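# Architecture at a glance
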Amino acid sequence: MATTSSMFMYSLTVQPPTAVTQAILGQFAGTKEQQIVTASGSRLTLHRPDPSQGKIVTALSHDVFGIIRAIAAFRLAGSSKDYIIITSDSGRITIVEFVPAQNRFNRLHLETFGKSGVRRVIPGQYLAVDPKGRACLTASVEKNKLVYVLNRNSQAELTISSPLEAHKAQTLVFALVALDVGYANPVFAMLEVDYGDSDQDPTGQAYEEIEKTLVYYELDLGLNHVVRKWADAVDRTASVLFQVPGGTDGPSGVLVCGDDNITYRHSNQEAFRVAIPRRRGATEDPQRKRSIVAGVMHKLKGAAGAFFFLLQTEDGDLFKITIEMVEDDQGQPTGEVKRLKIKYFDTVPVASSLCILKSGFLFVASEFGDHQFYQFEKLGDDDEETEFVSDDFPTDPTEPYTPVYFHPRQAENLSLVESIDSMNPLMDCKVANLTNADAPQIYSICGTGARSTFRSLKHGLEVSEIVESELPGVPSAVWTTKLTQGDTYDAYIILSFSNGTLVLSIGETVEEVTDTGFLSTASTLAVQQLGEDGLIQVHPKGIRHIRADRRVNEWAAPQHRSIVAATTNERQVAVALSSGEIVYFEMDSDGSLAEYDEKKEMSGTVTCLSLGDVPEGRVRSPYLAVGCDDSTVRILSLDPDSTLENKSVQALTSAPSALSIMAMADSSSGGSTLYLHIGLYSGVYLRTVLDEVTGELTDTRLRFLGPKPAKLFKVSVQGQTAVLALSSRPWLGYTDPVTKAFMLTPLNYPALEWGWNFSSEQCTEGMVGIQGQNLRIFSIEKLTDNLLQESIPLTYTPRRFVRHPEQPLFYTIESDNNVLSPATKQKLLEDPSVVNGDAAVLPPEEFGYPRGRGHWASCISVVDPVTEKKVLHTIHFEGNEAAVSVATVSFASQEDEVFLVVGTGKDMIATPRSSTAGFIHVYRFHEDGKELEHIHETKVEEPPMALLGFQGRLLAGVGKDLRIYDLGMKQLLRKSQAEVVPNLIVGLRTQGSRIIVSDVQESVVMVVYKFQENRLIPFVDDTIARWTSCSTMVDYETVAGGDKFGNLWLLRCPAKASEEADEEGSGAHLLHERQYLQGAPHRLTLMAHFYSQDIPMSIQKTNLVVGGPDCLLWAGLQGTLGILIPFVGREDVDFFQTLEQHMRNEDAPLAGRDHLIYRSYYVPVKGMIDGDLCERYTLLPTDKKQMIAGELDRSVREIERKISDIRTRSAY
Amino acid sequence: MADKLRAQQQLEQLQTRFVGTGHADTTRFEWSSNIQRDSFASYVGHPPLLSYMAIGMGECREKVRGAMIEVG
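For every chain, the first residue of the written sequence is number 1, and numbering continues from 1 onward in sequence order. Written order decides the labels, with chains lettered from A and ligands numbered from 1. Only residues with pLDDT of 70 or above have their local features reported here, since the model is predicted, and side-chain atom pairs are shown and tallied only from 80 upward, although totals for entire chains, interfaces and linings are computed over all residues. Derived side-chain values reflect all non-hydrogen atoms in the structure, with water molecules and hydrogen atoms excluded from consideration.

### Quick notes on the environment of Cys60(B)
Looking at the secondary structure, you find Cys60(B) in the loop between helix 3 (47-57) and helix 4 (61-71). Residues within four places of Cys60(B) in sequence aside, it is in contact with Val293(A), Glu314(A), Val350(A), Glu367(A) and Ala54(B). For helices the rule is a DSSP run of H or I covering at least 4 residues; for strands it is a run of E covering at least 2, with both sets numbered from the N terminus onward. By definition in these notes, contact holds between two residues if any of their heavy atoms fall within 4.5 Å.

See the structure below:
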């Protein structure tokens, strides 16, 4: 039970999950603006749709450290603000509000109702709120239902009652909605099945006779109890319910959606039923029934009864459903339903949630793949689509009827305005450096069906280029300047060349101007708008002060000396002479520049200077930073009493190449702090805090930018001051808008020699830079996303991929179940007898592939992610074969030539697992791997789920057997075989002659291959059943892996067992060693264990930043990217362990889950520290920060530095 | 006799409070279908697990969810 370990890892999320389990809409800020709140994994995210730009902006993301099961929005009557109810695995119901002023979620109520965890009888699976916000009901899959009454007290605060029970034993719940009943007693509708009888009857007859019922539960507000008000049998296949508006808006009731039908039901109305139209097409099976998987109801403003539903089938087709009501004499709807109407609307990706915004947008939270944001062009009111009405269909679900059909077509009513990147589902991931950049890139395969993609991820910010123009010469520097203090935009661009200066004016066009007063015959060192309306040009021979009336005052540098460095702000100028002297000027009251008598002689040559901006309400910046070539930075005072007096010194590892004093937002003080940014000749960037009172330098954080000297510039991005740092590539230092942490991220842009802020009418917050002979103007639009994605579309759901051993190419294997293969499709299209519609083929990216039960479509794709950025070559499988595994293997018998080996299965059925045969296909690489030639295939009993190159031969896991194959002329030749695992081999890893075999259910087994005896001998296995999904060898003894329940673990082989296995000639001994408890002779020991919530699909030992230490990168199915960083010293472990402990108490998870229990969901957490929780320290209020800092005996800054250091050292 | 009665009462209490508590005559079918229902409720309740299975089966999540509760 020891929770301590000799090994400790720090777990961090690099990219949070992007899968959306549920999305809700509401006015969470209390204003008219609607926001979308999504639940993805353990995160609650608030998005702000921007209707004017058609974009969605993430405003807040909060990790609740618990599994969010359901969320719902509600509003108390008379209020204008929506609250959020969350049910999670904490066994508690949580009500939170969004506080826009502080941009955070605030918990209002936390009510415990049951055990924690996601269990069968613990409510939380379903959640519904009365439309008037008076009550909510949360139900479990079976039996339990709890009703909470929501109200407000005399202080207008939200109150929640104790729960009212509405349990019913042996009853399964399929769906739950709240009925719209106006202000009558709240009613909740549920689809229930009573399995009581079928439980006693193994023959299955009772199961056949089970009826599904629609049940109304009424909460009597007067008596404060819940009654089962009404129940009636509905279609057996029904599984989804939708609320129909009631009260004055409509007839109330529900839509019950089952296979091939939608039925309107209400206790006091007739049933009305329509069939779901099926797709018409040559490749469509006319017998296949659709069912509704998602949908949304929308009320239109104005007339009563003006509402419609958009319901989606599993193909992605949206249908518009309207309800026609009986009208009275005045032509007003009476609330009595007359008929139900359905017609095809458009096709969008299959959604987990749909949200219609009042501003006329549709948010589609896709269940797999990118989320989409559509704008409504029209509502499909007057198009030529056939409308089907309920009059034509019997209400009894068992009665026969003629199915109806429609023709899918390109979208007419919706137009896509934004697609939001989502890596969900992420099937496999690899880190490689294919572009020879400083840092490696992350390559992954994501998505399902025709919307699958190959994605390359790169650390960086997206840059939008505005202008790129070539210049007559190679400039060394560029500035922009305003003309007067009051100007909002820059007027001049000044370019400095080695022997001259060029001034360009910014207007409608950018053109050269000559009468500006600037000295054009010398290079420039600095340009500044001074005082009210003056301009300053510093050149090597002096300082030119240009007044508004074009009068020029010139200060000349002393004889035989020149200016080597200069710094300016709107009131001060400081220059350094070649003799090491510093001359300081300040602006007089009359606007002229006055030289101070005090001069300061520095010990070495000055390399750079920096004056900060003049603080608001002051006349001067109090400090001057001076960098000298003796690798020091000095802070000089500019106070009139102590002008140019030394305040502090900082020693550096190399000479400073750039300095910048700048005030930036700071999370530790809560406001803004003065920083000194230092760039070194060695390419290192330092950021240190400059004390505004004493001039002391404290809290230095450093980062390596690249091998070239660093240059620093102050720029403005998205309304905040940021630092542009240039080395071998450009970087931006800024404060993250959501987490408020300081970030340093490379820009996705070529290396620049110089940069400056740029502001004009067209581009208010841009930057201007020099790249070789080019002048570039660019801007940064988005600071929230620091991983850049590039997608290449793939054909089918990708399963695995491998890299070519030398070339920058990847080979993906793709397969889709229940999808027709291209050959079958072609046959259907060509067969004239089966044509049952037009043969127009719609793009599969939007409409999906034609489906057929039991069919497989599968292919191998050659992907070039670097140069051509597309799929180069595709090989389709025929005969209902689908690829399941892939490897590149170099065969010793073929002079180490590398082949691509793909394992396939024929006629596979997912559950229960079966297939008619398996094959191993071998392909030869042609044209540097860009093409593949099929050599031969070998039939095996079962699909080989794992393949690996091993000592010049092929290692294959076929069922329980581990086999070694060599390449023959006609097929693969089996050389050795052993049954090593109890169920099914799903993964193989190797080092030397040790093989790590992962079983689908029984964790990993270590196997040694004895060459002399030609035997495969398992020698160590595990004590716990882990449903291994991925594994990797961390070192020769240690395996890291993940399982299907979302755990990450590290296992180590005992030293003795490891040694024994590798002993020369120990084969016979190992083979006859006594089994231990019917397993291998030895057991693996658990080193670390952690619950990550997402299912790890890939884990790899790698490093992500230049010169960073090795860490483990894992990728989760929902699109999570996380890393595990090993701790080097015990001291750090103790520090973070204590910090984590304090954080658990001070920042208890929002949804009420106990953090320690959450991370110990299946197995107690061991040897792992949750970095995501530790990073929340920066978001705590100052008093709590200080309290924790006091407990830890450190300063707040020190703690924040440690937290940010551990991340920046190994990740982004 | 009193002891036996009490034991009986206690068992009944457990059976009403905790779904799936067995009794002396629990059949193999009852036991296994109870276990199955526990498992399926867990698959439906953990979103990544449901996605994982839906991808494996080539179906959409909502259909797999419905089918899993149905089997239970």
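### Some remarks on helix 2 (residues 28-45) of chain B
Between its terminal C-alpha atoms helix 2 of chain B stretches 26 Å, which fits the 26 Å expected from 18 residues at 1.5 Å a residue. Buried residues are those whose accessible area, probed at 1.4 Å on protein chains only, stays under 20% of the maximum for their type, while exposed residues exceed 50% and partly exposed ones sit between those limits. Within the sequence span of helix 2 of chain B, burial applies to Glu30(B), Ser33(B), Asn34(B), Arg37(B), Phe40(B), Ala41(B), Ser42(B), Val44(B) and Gly45(B). Considering only its buried residues, helix 2 of chain B is in contact with strand 15 (171-178) of chain A together with helix 3 and helix 4 of chain B. Here the expected span of a helix is defined as 1.5 Å times the quantity of residues minus one.

### Re the domain arrangement of chain A
Start and end points for every domain follow an automatic or database-based domain assignment. Here chain A is partitioned into domain 1 (432-460 + 789-833 + 844-946), domain 2 (476-724) and domain 3 (1119-1209). Put simply, the middle of domain 1 of chain A and the middle of domain 2 of chain A, counted by C-alpha atoms, are 57 Å apart.

### Some points on unusual backbone geometry
All names here are of chain A. Look at the link from Asn424 to Pro425: it is a cis peptide, with omega at -10°. Tracing the sequence through the fold places Pro425 in the loop between strand 33 (414-420) and strand 34 (426-432). At the junction of Thr911 and Pro912, the peptide bond is cis and its omega measures out at -10° in the coordinates. Summarising the element assignment, Pro912 is placed in the loop between strand 72 (897-906) and strand 73 (917-926). Phi is positive for Glu927, which is not a glycine, with a value near 50°. Along the chain, Glu927 turns up in the loop between strand 73 and strand 74 (931-940). Assessed through its relative accessible area of 58%, Glu927 is described here as exposed.

### Looking at the confidence of the model for chain B
The predicted coordinates of low-pLDDT regions are not to be read in fine detail. The quantity known as pLDDT measures the predictor's confidence residue by residue, on a range of 0 to 100. When pLDDT is averaged across chain B, the result is 89; 97% of the residues are at 70 or more. Predicted complex metrics record ipTM = 0.94 and pTM = 0.92.

### Topic: the nonpolar core
Residue and element names in this part refer to chain A. We define a nonpolar core as any set of buried Ala, Val, Leu, Ile, Met, Phe, Trp, Tyr and Cys residues linked to one another through side-chain atoms lying within 4.5 Å. Ranked by internal contacts, the top residues of the largest apolar core, which has 64 residues, are Leu191, Leu214, Leu241, Val254 and Phe454. When residues in this core are grouped by element, the largest group, seven residues, is from strand 15. Each residue touching Leu241, except ones within four places of it in the same chain, is listed here: Ala175, Leu176, Val177, Ala189, Met190, Leu191, Leu214, Val254, Leu255 and Val256. With 46 residues, the next largest nonpolar core counts Leu12, Cys429, Leu1180 and Ala1189 among its residues.

### Observations regarding the pairing of strand 74 of chain A
Residues and elements named next belong to chain A. DSSP calls a pair of strands paired once it identifies at least 2 bridges connecting them. Across nine bridges, strand 73 lies against strand 74 in antiparallel orientation. From the neighbouring strand, His926 faces strand 74, where its bridge partner is Glu931. Between strand 73 and the antiparallel strand that follows it, strand 74, lie four residues; Glu927 among them carries a positive phi value of about 50°.

### Section: empty space enclosed by the protein
Definitions used for this entry: grid spacing 1 Å over protein atoms alone; cavity, a set of points where a 1.4 Å probe fits but cannot get out; pocket, an open set with protein on both sides within 12 Å along at least 5 of 7 lines; lining residue, one with an atom within 4 Å of a point. Grid points are joined across faces, edges and corners, and a volume is the space filled by probe spheres set on the points. Considering all chains together, one arrives at four cavities of 30 Å³ or more under this definition. As a volume, the largest cavity reaches approximately 560 Å³. Elements with a contribution of two residues or more to the lining of the largest cavity: strand 68 (810-819) and helix 3 (844-847) of chain A together with helix 3 of chain B. Among the elements that take part in the lining of the largest cavity, helix 3 of chain A stands out by supplying four residues, more than any other. Under the scheme applied here, ten amino acids are nonpolar (Ala, Val, Leu, Ile, Met, Phe, Trp, Tyr, Cys and Pro), four are charged (Asp, Glu, Lys and Arg), and all others, including Gly, are polar. By residue class, the composition of the lining of the largest cavity is twelve nonpolar, seven polar and eleven charged. Taken as a whole, the second largest cavity spans an internal volume of roughly 160 Å³. Thr13(A), Ser1092(A), Thr1120(A), Arg1159(A) and Asp1172(A) are, among the 17 residues lining the second largest cavity, the residues nearest its centre. When residues of the lining of the second largest cavity are traced back to their parent elements, those giving at least two are strand 1 (9-15) and helix 7 (1155-1159) of chain A. It is strand 1 of chain A that provides the largest number of residues to the lining of the second largest cavity, a total of three residues. Split by residue class, the lining of the second largest cavity holds five nonpolar, seven polar and five charged.

### Details of the pattern of salt bridges
Residue and element names in this part refer to chain A. Any Lys or Arg side-chain nitrogen found within 4 Å of a carboxyl oxygen on Asp or Glu counts as a salt bridge. Taken as a whole and assessed by the stated rule, the structure comprises 73 salt bridges over all chains. Close ionic contact of Arg265 with Asp232 constitutes a salt bridge, the shortest N to O distance being 2.3 Å. A residue pair is termed long-range when its members are at least 10 positions apart, and Arg265 in strand 21 (residues 261-265) and Asp232 in strand 18 (residues 225-234) qualify at 33 residues. Arg265 gets classed as buried once you look at its relative accessible area, which sits at 12%. What makes Asp232 partly exposed here is its relative accessible area of 31%. Note that Asp315 and Arg290 form a salt bridge whose closest N and O atoms lie 2.6 Å from each other. In this pair, Asp315 sits in the loop between strand 25 (307-313) and strand 26 (317-327) while Arg290 sits in the loop between strand 23 (278-279) and strand 24 (292-299), placing the two residues 25 residues apart along the sequence. Both residues of the pair, Asp315 and Arg290, belong to the buried class. If you follow the salt bridges from partner to partner, you end up with Arg279, Glu284, Arg288, Arg290, Asp315 and Asp317 in one network.

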